[in-house]
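# Coordinate analysis (summary)
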Amino acid sequence: MSVDRRQLGILALVALVGVGACILMFWITALGPGVHGIDSITYVKTAQSLIAGNGFFARGQPMTHFPPGYPLLLAAAALFLEGNVLQAGRLLSVLLY
């Protein structure tokens, strides 16, 4: 399979734009990921509860109305950031962007 120089150039340009977008997103969210609204607060509180070992609870109530995937992902990312769920949300936003 041969790849010509033009395809490599396009691939390099797309990669450069992607890296630039990630850097810009990281710079824009310097003050945090921007948590507001009941959904965001519930996800953050549930991730904090998971890290503390209390399960899927938010503000003392079982989290049954929201999907569990994002709080799990937040809690897993926060384990690498010393339990800081907000910074984990920021990093996930940048990487998933």
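## Looking at the environment of L72
- With respect to the element layout, L72 can be found in helix α3 (residues 69-80).
- Note: C-alpha distance between L72 and F56 (16 residues apart in sequence) is 9.2 Å.

## Some words on unusual backbone geometry
- Backbone geometry at R59 places phi at a positive 55°, although glycine is not the residue there.
- Note that R59 resides in the loop between β1 (57-58) and β2 (61-62).
- The phi angle at E82 is positive, at roughly 60°, despite the residue not being glycine.
- For E82, a relative accessible area of 82% puts it in the exposed group.

## Some words on the confidence of the model for the protein chain
- Looking at the protein chain as a whole, the pLDDT averages 88, with 97% of positions reaching at least 70.
- At the low end of the mean pLDDT range in the protein chain sits helix α4 (residues 85-96), at 88; at the high end sits α3, at 94.

## Some remarks on a nonpolar patch on the surface
- Residues F26, I51, L79, F80, L81, L91 and L95 make up a contiguous nonpolar surface patch of roughly 700 Å² in combined accessible area.
- Mapped by element, the contributors of at least two residues to the nonpolar patch are α3 and α4.
- Tracing the sequence through the fold places I51 in helix α2 (residues 37-52).
- I51 sits in the partly exposed class, given a relative accessible area of 32%.

Calculation criteria
- Residues numbered from 1 in each chain as written.
- Predicted model: local features only at pLDDT ≥ 70, side-chain atom pairs only at ≥ 80, totals over all residues.
- Heavy atoms only, no water.
- Helix = DSSP H or I, 4+ residues; strand = E, 2+ residues; numbered from the N terminus.
- Buried < 20%, exposed > 50% of the residue type's maximum accessible area, 1.4 Å probe, protein only.
- pLDDT = per-residue confidence, 0-100.
- Patch = residues over 30% accessible without salt bridge, like charges linked within 9 Å, V, L, I, M, F, W, Y side chains within 5 Å.
- Areas by Shrake-Rupley, 256 points an atom, 1.4 Å probe, with all protein chains shown as cover.
- Salt bridge = Lys/Arg side-chain N within 4 Å of Asp/Glu carboxyl O.

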